[in-house]
Every structure is written in structure tokens, then in C-alpha cells.
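The primary structure of each chain is shown beneath.
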Amino acid sequence: MSSPHRPRTLAEALRARGDDALGRLLQARPDLLSPVPNDLTQLATRAGTRASVVRALERLDRFTLQTAEALAVAPDGCPYETLRALMTGDAGDPAVDAALPHAVETLRALALAWGEDDALRLIRTARDLLAPTAGAPSPTGLGPTVAEATAGTSPGRLQQILADAGLPPTHDPVSAVGSLTALFQDRARLTAVLAEAPMEATAVLAKLTWGPPYGEVTDVTATQAHIRWLLDRALLLPSGPRNVVLPREVALHLRGGRAHRAPEPAAPPVQATAHDPQAVDGTAAGQAFAATRTAEELLKHLELNSPPVLRAGGLSVRDLKRTATVLDVPEQMAAFWLELAYAAGLLASDGEADEAYAPTPAYDDWLPLPAQDRWTTLATAWLTATRTAGLVGGKDAKGRALSALGPELDRSLTPEVRRRILELLAELPPGASATPDALLARLRWERPLRGNPGPDSLRADLVRWTVTEAELLGITGRGALAAHARALLEAGTAAEAGAARLLAPLLPHPLDHVLLQADLTAIAPGPLQPHLAETLNVLADIESKGGATVYRFTPGSVRRALDAGRTAAELHAFLAEHSRTPVPQPLSYLIDDVARRHGRLRVGAASAYVRCDDSALLSELLADRRAAGLGLRLLAPTVLAAQSDPVTLLERLRAMGFAPAAESAEGDVLITRADAHRTPPRAAPTPVADGPPAPAATLLGAAVRAIRAGDRASTAVHRTVPAPATNGLPRSAAAETLATMQAAVLTGESVWIGYVNADGAASQRVIGPVRVEGGFVTAYDHTADEVRTFALHRITGVAELADDPA
């Protein structure tokens, strides 16, 4: 007989748990808290909904999932020993024996299974998802039971099957199915039946044993002799006009009692390759510094060349190619740097009518930071971002191309895979690396249902992209996790500071000088100080990058510095101060020559005009055939009018070899700074949440108390209801309600009330009245676990409790 305390439902099983166990359930399945259930019955109902069960199953490791699959093909109320036999088979398996109790407890803790060891039950929704059906075969490869497969078989046919199997006839179909099931579950008797099977029949059974259990025949009623032999003895059962199925009981016998071909009680080890830890840290640090320089170079390019936003969002293919050319990287890698800057909040759209991408004000705060702090900003953003650059160039569900910075690149699985990959690398000895295939195999064991487990799944791509991107960012070196990146995995706000502190000694010290050469180039033998690099990037063009950066001075680059507000004297002083070699004479001549011609022409808005004190220069410009498309005409000896707008006019004149300067409406020279284009303040994009966040400890404690209080209220036994209850609420006259409340105050007892709030919502509560005064009752509300005030006129009725729930 069952124990009187044995739970009969999941709600009763949850009611028997302690508060700590309930808290762990809500922590593991936070979707059950939205909103907080009223009581344990509602919690059990919510835990059995399909969406919640699917989410919980996705969090199981392979062995725990295999245990749930075995429970799904076992009879409901399965004893532990039966489950153990399904997992270990006739031969037994010590590793499975050792791991099985923990798997069962995990299923119980997640409310996917309940019951004592002599009657384990998988919740109905999980059984429906994991049990085999004709449309959705079980991962075990097992088919339907004899009872399920013969559900539509006529009584006469069932009796004929019993006769062919050598079993005595029965009086009804139920007992016939029971007799056949008993035969197939009797290992000795079934072995004797199979010993007489023709060789061809044995081969057919061997093909169906491990699944799929369904086979196709030409005609079930007129088929080959060996198939007919199997059908006559119900070793195969018809499942359609041209299909047969292997009953589950027969398949388990042929498998030696095992539900799975290969149970996996332990995670596959991650095979590691050893490297020198110092070499790993040095390589990663070098790459981390290169990553910050690449991000800086990208943003400097975009502040001068803001690409437009496509109508559907994102960056055009042409602009992506242009960015890749500037960074000297493949387009897919350029997409990664764009997405990284966007995820870090350094790049966004400006929101103007002609919307374009540009650096944000946060970029100005990021740029002067030390290199290690700039790196931690990028690395932290990458680790938590759901933006997935590897998808760029692919297709969405509707067949449309996915563009960089587009709206369809968020994947909630991405940060989970990134962090887990780094955690697996952190578990290896310092300096040890692992292949993407080894990491993917481990992730597939830990979460077999996450991210579509096929070979071309998103998770498989994410592992490969994560390994590549971590190397690009300097999180790993030679495939091994660097020491400064290990600090990023620590919890709390100190993670970034710890990573920066470990990285700083490994970074090259910024230089305050360059080497000027007579061929109008400058060599930076290492990383430059921020202010020096910023000025040099305006004054010269980067010709090559690597261990040393080569800058080239051109008339256009010098004019760019003059446009930014520098004077020739300031440029000469800057070069003399920061060059370890004398300033070459050709470079001095170049600066003086461009400065002498700079600003002689002034361009303003008419549509546009050109103003110059040298009338001969204007005459030369009017006579130049290259200016034919500008619509120039002489207004005065020193002024030309143009039909082109000022921006186009400036560009065309510069292309013709002149050096005009822009002029304001007041006649002043406009100074154009390199950092002029910024977006309004923009926050970094919020990662797409993968379900509700894990609740904090305080919320968990409050939720458990509220659920317990609500459960006490809903299950409280009351003595009498003064009048017939309406909608489950007690009803009583106002005078009787007041008298009962006053008596409860004197005796200190709790009562059961019905209450309608200001919104008209009715509820039942268990309260302990403390004071009745002025038409209000002050009481401890067991349902809400707090002291509240109730208006007497809103109380529908009151009843005494059999026992005080407090």
C-alpha cells in the first residue's frame, strides 16, 4: 500500500519540498516567476506548460536528457530499478549506475519528474515531447508498445495473433493485449520464439532494433514469407497499408534491455595542446593592442566618411567593401569590427534625415583612455553582446541578405556560447588550447537540445566564430586563454579592472617620437601616444602598418591639417618637437608651399561663390576647361558665382589642384575639425534576453514566502461558511462580519475572508485581525505575508478556520 504522505500530483510533491528546494527550482526555471504564482498548484500548472518544459529540457545535459527519454518510454509510475535496467541493460554499467541518481534528482529538482523511487513519474508534457509517436520518433529509436500499436486491431485478429504465438485465447481485446505483452516481457519465452525465426526475419529485426522502428513493405496482406512469419507472431505489427513497426517490448529484448545504444554518463574530455603560458600571454597582449588600434582606425575613418544607413537598416555591401579596404582586412572581418564598435556603444546612426553611421560621444571618452582600458571596453562588450557578425552575408528566414549593423543579427545563444567556450578554456591548464571540434563536442553534451544540434547548426557556427574572434581580440593567444582574459570571467564589477591590471605590463609603451625621412615619410617604430597619433593621422596618410607604421606626407594631407585649423608655423614646430631626426627640407618646402596657396580662394554660399584678391587667379580659373561644369561667371574682379553647391565646388577645385578654404556668411574661414561628425548621445545596444533573467536572492526569498502564504490560504480548512459561497468566496451579513472580526481580535485567531479590491477583483484570503477601527480591519495577511488594512465594506464574508495556518 502507498504511504498516506506519498504525493499524488506534482503540486503535492512541491508542497512537500522545503523553501530552499523551491528557491532552487525558481532559480533554475526563472520563467515560472513571471508573474509570481499565487500558490503551489498554480506553480505546478505553470511548470507543466509546453513552453516552460521545452526551455527546461534545453538546459539538460545529455545523460540527464537520456534519463528523461528512458522515463518517457517506461510505464508511468516507473520504479527506480526499472529505470536503472533501461539505462544499464542486462550487462550493467558501473558508470551509468553511479551517475543515474544525480540525473534523477536533477529531473526532480527541475519539476520535470516527481514521485518516490518506487513510482517515478515524468510530467505529462515532457512525456508527450519525448515519448515516441508515428510523427515524431523518440531519440531512443524505440517504437510504440504492443498496446499502442494494436489499438485499432480487430478482436478476431488479436485472437489469431495469440494462436500463432502459441498463447491461449482470451475473452476480450484487453486481456489479449495483456497476454501478448506478458509474452514479450518474458525474456526466456521471447528468446525461444526468436530462436525459431528464419534467417531473413532475424536480419529484418536487426535493422529495426536501434531505430527507426518503422519499415515499409509492398503489401502487408501479401508479403514475403519471413515478413509474414514476423507479422503472424506480432514481432512486427502493421502501422499502415504499407508499413510495419517493431513493438517496443521486442526492441528492448533485442537490445539487451537498454533504451539507448550508448548512454553517456560523463562529459567528453576536452583534449588540450600545451603551449608556453608566457608566449600565450605575450601573443594575446600584442593582438589586444592591435585590436584597439584597429577599432580606433575604423572609427577615425567613419568620422570623416559617414556611410549612409540603408532603408531597411544596416550598411550597404559597397560601404562594407570600402571599410574592409581601409582596414586592409576581408569583408567578414570588417563586419566583425563594425559590430564590435556598435556593441560597445562607440558607433551608431546619427538619426538625421539622411541617416548615417558615425562615432558616438562615448568614442571621445574612450579614445584618451589607456590601451588596457580601451581593450577591456571592447572585450566586455563582445562577451555579452548578442550581435553576431558571422551572420553577415547570409540569408534570413525570408531569403533576404543580412547586412552589417542590420536589425536581424541578434542571437540570444551567442553570449552563452562565447562565455562557455572561454570557461572551458579556463578549466584547462594555463597555456593549453583546444580545437573547435573538441569544444563543440563538449557543448553538445552539456546542452544537446540548444541551438539545433545538427552539424550545420547555429551553435556549431558560433563555436568556430568565437574561437576566431577571441584570437582577433587578444582574449586568446595561440588558441589558449590569456591570463588577463581569465579575469574577465570573474563575477562583479572588479573583473574589468583586474583584466586591465594584468594586461597593462604586457602592452608596448607608447612612443613620443617618429623618424622623419627625406622621401616625405615618417616612421613610427611602435605605438604612439594618443595626442601624437591623432595629429599625425591628420597631417599624413598611413602608407603601411605592422611592427612599424609608415606615414606619407602629401599636399592633400598637409591641406587637411590646415583645414583643421593648424598653421604652417604650428606644423613646423610639431614636427621638430616629435622627430628624432632633423626635419627634411622637402617636407618643410611642402608645408610652406601648401600653406602659401591655402585660403587664397574662398568658397561660400550663393548657390556658391569664389572670392579671391588675385584677379589673375580668377581669370585662370574661368579659362580652365575643367571648371566648365561648375557654372562659373565673373561678378566682380575678385568674385566668381557658381551654380554648384559649396561642398561640390570645394571638392572640384581641390581636384583641379587648387587649395580653397570654406568661408562663412560673415566672411570668416571655416575650420573643419576631423572629429566634427558625431551622433547625439547613444547608449550601447541592449543584448536580446534569452528568457527571463535569473532572479536575485531577495526576489527568490520573497517569491517563496508569497507562494507559501498563498498556498496556505488556498488550502486552509474553514469550519463553516455562513451563506452559500459565491465564486468560491464566503458570504455573510455586515453585522456578522464585524462581530466575527472583533472576536478574532480578542482570541488572536485567523479567519477566512472574501475581499473585492478597488478594481473589482475578487480574492480569498486568510488573515489574522489585529485591530478593527473606523470601518477598517488591520490584519496580518497570510496570503501576502505582510500586515495590511482592509475596508470592512469590501469584505464579502468571513468564516472561521479549522486550524490557524500560521
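Residues numbered from 1 in each chain as written. Predicted model: local features only at pLDDT ≥ 70, side-chain atom pairs only at ≥ 80, totals over all residues. Heavy atoms only, no water.

**Q** With reference to specific residues and values, describe the overall build of the protein.
**A** Along the protein, the regular secondary structure elements total 33 helices and 27 strands. In terms of its C-alpha atoms, the protein occupies a principal-axis envelope of roughly 120 × 90 × 55 Å. The 806 residues of the protein split such that 47% are buried. A total accessible area of about 38,000 Å² is found for the protein, and carbon and sulfur atoms account for 55% of it. One way to put it: in the protein the 79 positive side-chain charges average out to a point 3 Å from where the 91 negative ones average out. (Helix = DSSP H or I, 4+ residues; strand = E, 2+ residues; numbered from the N terminus. Buried < 20%, exposed > 50% of the residue type's maximum accessible area, 1.4 Å probe, protein only. Areas by Shrake-Rupley, 256 points an atom, 1.4 Å probe, with all protein chains shown as cover. Lys, Arg positive; Asp, Glu negative; His and termini not counted. Charge placed at Lys NZ, Arg CZ, Asp CG, Glu CD.)

**Q** Describe the sheet that holds strand β5 (residues 243-245), naming the residues involved and giving the relevant values.
**A** A sheet is described by the order of its strands in space; here three strands give the open sequence β3-β5-β4, paired in antiparallel fashion. Where the open sheet ends on each side, the last strands, each with one partner, are β3 (214-216) and β4 (237-240). The mean angle between the axes of side-by-side strands here comes to 40°, regardless of whether they run parallel or antiparallel. (Pairing = 2+ DSSP bridges. Axes fitted to C-alpha atoms, helices over the stretch in contact; angles between N-to-C directions.)

**Q** Tell me what's going on with the sheet that holds strand β27 (residues 795-800), and back it up with residues and numbers.
**A** Two orientations exist for strands paired in a sheet by backbone hydrogen bonds: parallel and antiparallel. Reading across the sheet, the five strands line up as β26-β25-β24-β23-β27 and stay open at both edges, with antiparallel pairing between neighbours. The open sheet has two edge strands, β26 (786-791) and β27, and neither has a second partner. Each adjacent strand pair in this sheet contributes to an overall mean axis angle of 45°, direction not counted. With six bridges joining them, strand β25 (residues 776-781) and β26 adopt antiparallel strand pairing. Residue T778 lies in a different strand from β26, and its bridge partner there is T789.

**Q** How would you explain helix α4 (residues 50-58) if you had to name every residue and give the values?
**A** Taken as a whole, α4 has its buried residues at S52, V53, A56 and L57. Seen along its axis, α4 keeps its buried residues to an arc of 135°; they face one direction. Turned more than 90 degrees off the buried face of α4, the exposed positions are R50 and A51. Buried residues in α4 make contact with α3 (40-47), α5 (62-73) and α8 (124-130). (Arc of directions from axis to C-beta. Contact = heavy atoms within 4.5 Å.)

**Q** A description of the packing of helix α10 (residues 155-164) against helix α14 (residues 225-232) should follow, citing residues and the corresponding values.
**A** Orientation of α10 relative to α14, taken along the N-to-C sense of each, is 105°, at an axis distance of 9 Å. By the angle between their directions, the pair α10 and α14 is classed as roughly perpendicular. Residues R157, I161 and D164 of α10 touch α14, and the partners they reach there are R228, L231 and D232. Class assignment for the residues of the contact of α10 with α14 results in two nonpolar, no polar and four charged. (Parallel < 35°, antiparallel > 145°, perpendicular 65-115°, else oblique. Nonpolar A, V, L, I, M, F, W, Y, C, P; charged D, E, K, R; others polar.)

**Q** Describe the packing of helix α20 (residues 371-384) against helix α21 (residues 413-427), listing the residues and the values that go with them.
**A** In the contact formed by α20 and α21, the axes pass within 7 Å of each other and the chain directions differ by 115°. Note on element contacts: α21 touches α20 through P415, R418, R419 and L422, opposite W382, L383 and T384.

**Q** Lay out the pairing of strand β18 (residues 633-636) with the relevant residues and their values.
**A** Sheet topology places β18 next to strand β19 (residues 639-642); three bridges connect them, and they run antiparallel. Residue pairing in the sheet places A636 in a bridge with V639 of β19. Linking β18 to β19, which pair antiparallel, is a turn of two residues.

**Q** Provide a residue-level description of the confidence of the model for the protein, including the pertinent values.
**A** On average, residues of the protein score 86 in pLDDT, and 92% of them reach the 70 mark or higher. Element-level mean pLDDT values for the protein span from 47 in strand β21 (residues 723-726) up to 96 in helix α18 (residues 331-343). Under a pLDDT of 50 for its full length, residues 721-725 has, in the predicted model, 12 contacts with residues more than four places off or in other chains. (pLDDT = per-residue confidence, 0-100.)

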